[in-house]
Protein chains: 2
Amino acid sequence: MNDLKKDNTEEKILIAAQNVFIEKGMDGARMQAIADEAGINKALLHYYFRTKEKLFNAIFIKVFSQIFPNLMTMVLSDLPLEEKLGAFVETYIDMLQKNPFLPTFILKEMNRNPDFLASVIKGSGVNPQEISNMFKKEMEAGKIKRMDPREVLINIIALSIFPIAAGPLISVMFFENDKTAYNEFIEKRKKTITEFVLDSILLK
Amino acid sequence: MNDLKKDNTEEKILIAAQNVFIEKGMDGARMQAIADEAGINKALLHYYFRTKEKLFNAIFIKVFSQIFPNLMTMVLSDLPLEEKLGAFVETYIDMLQKNPFLPTFILKEMNRNPDFLASVIKGSGVNPQEISNMFKKEMEAGKIKRMDPREVLINIIALSIFPIAAGPLISVMFFENDKTAYNEFIEKRKKTITEFVLDSILLK
DNA sequence: TCTAATTTTGACCAATTGGTTAAATTAAAC
DNA sequence: GTTTAATTTAACCAATTGGTCAAAATTAGA
């Protein structure tokens, strides 16, 4: 058997499936559309991934690992908090700009199967405890205000994700659907989110 | 013709459709499921709303008006900013707790038809300009920091909506899927979001 | 009460969709 | 080169789904 050929087809399928699933969701995605985008026969799709659900699960796992990128390495770096936060927000929003449908996809499909979600999180290597500990240390060092460290993290993520997930809405409501103006707004947020958070948590 | 009966059936359909659409989305929703939930025949569904798309559009408009509740009246009240913000966050999160699928529904289905989205927003009576002006006045009065007023509003909404939209994720990652602990967390946020925002924007 | 309009229903339909199968093609093993 | 196994394809299938239709039931109006 030629591994090269097999890997190639499988890879093509995974890329195509990710595109279609992220845009249309599980229910809106069509196996035929995925086959077309991969440039293969629909039967071949079922040859590699027996059912739509199995293919979807594979994609969900793959996508989930992308949404929490080098988050952990950043948190564990020994940069000062200000720079750490700035770097995180910037690369995170960068990634979201390239994959604007990603947040909504996760948020929507997350509710499909709670047990599966739990297993995906466990397998993803994301360790919120470690991030919380990082913030706790900064609190004990008197650098930032005492508060629930989970809340700090969730606030940062919320401020980063929401304006992209709600892009079309914000674009229409605040920028008369001018995409350039909206993109500039998001671009600026790479800096202002950090300021906003630091102004709130830093002990002056 | 008996208006009472007609209104009753139509109302039953609208309620059932809202439940099904919000949980399953446009693609995942089944006309049969809506008919069942409304306790009527599927043909009757098509008698009142000719197509699935027409029914969906009616629901989207209805739901959209719920997600920005008495927002405008709150903004226009002459309470001091601190109380205004506190009241908004509290009632807003209250509403979201009762309709946890609502944000994801809007975020997902928003991309289906941009023109329709724009028309819905225009018709919804939400006026972001007026809210921006309110923040601008507070800036000119030297009460809060000078910044893009749109950003203030979006940050408040992001901090309120995201932790509910991402509920299952947060529940698993931070609370070992303990719903009670998660709910307490959200409950506390009714206060802490306000503090978080005020700490950041207030001029001390 | 009788009639016309409206509302409700059950049976039905065409199109779509996920999935199968058997045959054909390609690659690997000997 | 022949055989064997893996990959790819075209044709097909059963189930689901949005939607229709004609008849039945209910209501309104005279």
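Look a little higher up for the structure.
Here the residue index of a chain counts from 1 through its sequence in written order. Each chain is given a letter, starting from A, and each ligand a number, starting from 1, according to the order in which they appear as written. It should be noted that, the model being predicted, local features are given only for residues of pLDDT at least 70 and side-chain atom pairs only at 80 or more, the latter also being counted only at that level, while totals for whole chains, interfaces and linings use all residues. Values shown for side chains rest on all heavy atoms present in the structure; no hydrogens or waters enter the calculation.

### Some details on the relation of the copies chain A and chain B
Stage number 1. Here the copies are superposed with least squares, the fitted atoms being C-alpha atoms of residues at a pLDDT of at least 70 in both. In screw terms, the move from chain A to chain B is a rotation of 180° and a rise of 0.0 Å along the axis, fitting with an RMSD of 0.0 Å. As the rotation angle and translation indicate, the two copies are arranged about a two-fold axis. Of every C-alpha in chain A, the one belonging to Ser-200 of chain A sits nearest the axis of rotation, 2.2 Å from it.
Stage number 2. An overlap of 100% is found between the interface residues of chain A and their copies at the interface of chain B, pointing to a shared contact surface. Here, two residues are considered to be in contact whenever any of their heavy atoms come within 4.5 Å of each other.

### Some words on the packing of aromatic side chains
Each aromatic ring pair is characterised by the separation of its centres together with the angle its planes make.
Stage number 1. Stacked, edge-to-face and tilted labels apply to pairs of Phe, Tyr and Trp rings (six-membered ring for Trp) whose centres lie within 6.5 Å, assigned for plane angles under 30 degrees, over 60, and everything in between, in that order. This structure, assessed with the given rule, holds 19 aromatic pairs over all chains.
Stage number 2. Between the aromatic rings of Phe-60 of chain B and Phe-116 of chain B, the centroid separation amounts to 5.8 Å while the plane-to-plane angle is 50°, which identifies the pairing as tilted. Of the two residues, Phe-60 of chain B is situated in helix α4 (residues 52–67) and Phe-116 of chain B in helix α8 (residues 114–123); the sequence distance between them amounts to 56 residues. The exposure classification of Phe-60 of chain B matches that of Phe-116 of chain B, with both residues buried.
Stage number 3. The structure contains a cluster of three or more aromatic residues connected by ring pairs, namely Phe-21, Phe-56, Phe-60, Phe-64, Phe-105 and Phe-116 of chain A.
Stage number 4. Above the ring of Phe-56 of chain A, the side-chain terminus of Arg-112 of chain A is found at 5.8 Å from the ring centroid. Helix and strand assignments come from DSSP, with helices taken as H or I runs of at least 4 residues and strands as E runs of at least 2, each series counted from the N terminus. Think of it in three bands: with a 1.4 Å probe and only protein chains considered, a residue is buried below 20% of the maximum accessible area for its type, exposed above 50%, and partly exposed in between. Two limits define a charge over a ring: the Lys NZ or Arg CZ must be within 6 Å of the ring centre, and within 35 degrees of the ring normal.

### What to know about unusual backbone geometry
Stage number 1. For Glu-176 of chain A, which is not glycine, the phi dihedral falls at a positive 45°.
Stage number 2. Among the residues examined, Glu-176 of chain A registers a relative accessible area of 73% and is labelled exposed.

### Side note on the side chain of Thr-9 of chain A
All names here are of chain A.
Stage number 1. Structurally, Thr-9 can be placed in helix α1 (residues 3–28).
Stage number 2. For Thr-9, a relative accessible area of 12% puts it in the buried group.
Stage number 3. Every residue in contact with Thr-9, bar those within four places of it in the chain, is listed here: Ile-40, Leu-44 and Tyr-48.

### Things to note about the side chain of Glu-151 of chain B
Stage number 1. Tracing the backbone through its elements, the reader meets Glu-151 of chain B in helix α10 (residues 149–165).
Stage number 2. You can call Glu-151 of chain B buried: its relative accessible area is 6%.
Stage number 3. Here a polar contact is taken to be a pair of N or O atoms separated by no more than 3.5 Å, where protein atoms must pair a possible hydrogen donor with a possible acceptor and residues adjacent in sequence count only if both atoms sit in side chains. Within the structure, Glu-151 of chain B has its side chain in polar contact with the side chain of Arg-189 of chain A (distance 3.5 Å).
Stage number 4. What Glu-151 of chain B contacts, discounting residues up to four positions off in sequence, is Phe-185, Arg-189 and Thr-192 of chain A.

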